[in-house]
Amino acid sequence: NKDNPKKYFDLREDIAQSISSEIKRNTFPQQAKVNLDGNKDEYSIEYTFNPKLQKQAQNLLKQYKPDYGAIFMIDAETGKVLAMASQQKSNPHGDNLNLRATFPAASVFKVVTATAAVDYANVEPSHKIAFNGANYTLHKRNVLSDKVNRWTRYITLKDAFARSINTAFGRLTLESLNPAVLTEYAEKFQFNTDLKTDFNVEASQAYIPNEAGFELTQVAAGYNRKNTLSPVHGAMIAASIVNNGKITDYLFLSSGS
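Let us look at the structure shown here.

Analysis parameters
- Residues numbered from 1 in each chain as written.
- Predicted model: local features only at pLDDT ≥ 70, side-chain atom pairs only at ≥ 80, totals over all residues.
- Heavy atoms only, no water.
- Helix = DSSP H or I, 4+ residues; strand = E, 2+ residues; numbered from the N terminus.
- Buried < 20%, exposed > 50% of the residue type's maximum accessible area, 1.4 Å probe, protein only.
- Areas by Shrake-Rupley, 256 points an atom, 1.4 Å probe, with all protein chains shown as cover.
- Lys, Arg positive; Asp, Glu negative; His and termini not counted.
- Charge placed at Lys NZ, Arg CZ, Asp CG, Glu CD.
- Expected span 1.5 Å × (residues − 1).
- Phe/Tyr/Trp six-rings, centres within 6.5 Å; stacked < 30°, edge-to-face > 60°.
- Lys NZ or Arg CZ within 6 Å of the ring centre and 35° of its normal.
- Salt bridge = Lys/Arg side-chain N within 4 Å of Asp/Glu carboxyl O.

A closer look at the overall build of the protein
On a plain count of helices and strands, the protein comes out with 9 helices and 8 strands. Viewed in the frame of its principal axes, the protein has a C-alpha envelope of about 70 × 45 × 30 Å. When the 257 residues of the protein are sorted by exposure, 46% land in the buried category. A total accessible area of about 13,900 Å² is found for the protein, and carbon and sulfur atoms account for 49% of it. Charged side chains in the protein number 30 positive and 26 negative. The centres of these two groups are separated by 10 Å.

See below:
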């Protein structure tokens with residue numbers, strides 16, 4: 001009963017504990033024992049999947065046979081899981097990759113950095129960033145220098161984000177942000193915390209250095225391997241962009257949510 005939020009989410013937690021081991025093995029049980037009103041009985045499970053999207057996701061992985069592949073889709077407003085598919089070429093019966101938070105966050109972390117710049121530092125999308133160096137590398141000699149020379153280029157925050165320009169994001173961070181702010185916004189995007197879901201997902205990790213410097217620019221640009229996330233979390237971050245900046249509070253896999 002949604003009129004009793006604590007009881008409602010306690011029930012969701014019990015559902016998660018009942019089905020998570022199966023979901024991790026990439027299977028979706030049709031029945032599970034759930035504690036309802038003090039009685040642990042077996043119930044049928046109806047999933048929130050969109051049948052068409054779920055079938056398309058599974059067929060894509062079967063067709064292209066990637067070494068590792070994961071597809072996860074959610075409704076940005078409701079948090080309902082619409083599709084979840086996973087495949088490992090070398091291990092067809094391997095664990096569900098969507099739940100693993102061992103993958104580099106990479107440029108997805110630029111969403112955190114851009115949000116911090118706009119929301120905390122009041123940087124306008126039209127703000128121009130001066131930077132040197134190539135677009136998709138990140139060299140200390142370029143990102144730590146604020147010297148303007150004949151090779152210096154300028155790009156707006158909007159375009160730097162759209163084109164994922166690493167050095168521009170590094171310069172933006174040194175000019176407008178600091179480790180404490182980046183940590184705060186990483187936590188707002190639910191790094192370093194357990195996601196609230198109908199199934200267990202590994203926590204994504206964001207390691208923010210204590211001092212401003214080259215390592216901080218690497219983190220801000222997503223140009224490192226220390227910061228990791230799960231495909232589930234990546235979908236939640238992407239969904240927040242189309243959900244007026246609000247990240248989903250809870251992901252529902254079983255119906256009746």
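Concerning helix α9 (residues 231-242)
Because the α-helix completes a turn every 3.6 residues, residues three or four places apart line up on one side. In this model, α9 (12 residues) spans 17 Å end to end at C-alpha, consistent with the 16 Å of a helix rising 1.5 Å per residue. Among the residues of α9, Val232, His233, Gly234, Ala235, Met236, Ile237, Ala239 and Ser240 are the ones counted as buried. A positive phi of about 55 degrees marks Asn244, the residue just after α9.

So, the packing of aromatic side chains
As enumerated under the stated definition, the model contains 7 aromatic pairs in all. With a centroid separation of 5.8 Å and an interplanar angle of 75 degrees, the aromatic rings of Phe28 and Tyr47 are classed as edge-to-face. Of this pair, Phe28 sits in the loop between α1 (5-24) and β1 (31-36) while Tyr47 sits in the loop between β2 (39-44) and α2 (51-64), placing them 19 residues apart in sequence. With a relative accessible area of 16%, Tyr47 lands in the buried category. Aromatic pair Tyr250 and Phe252: ring centres 4.9 Å apart, planes at 40 degrees, arrangement tilted. Side by side, Tyr250 and Phe252 carry an identical accessibility label, which is buried. Lying over the aromatic face of Phe169, Lys110 brings its terminal NZ or CZ to 5.7 Å of the ring centre. Over the face of the ring belonging to Tyr185 we find Lys188, whose NZ or CZ atom lies 4.4 Å from the ring centre.

Section: the pattern of salt bridges
Summed over all chains, the structure comprises 6 salt bridges. In this structure, Asp198 and Arg12 form a salt bridge, with 2.5 Å as the shortest nitrogen-oxygen distance. In this pair, Asp198 sits in the loop between α7 (179-188) and α8 (214-221) while Arg12 sits in helix α1, placing the two residues 186 residues apart along the sequence.

These values are about where atoms sit, not about what they do.
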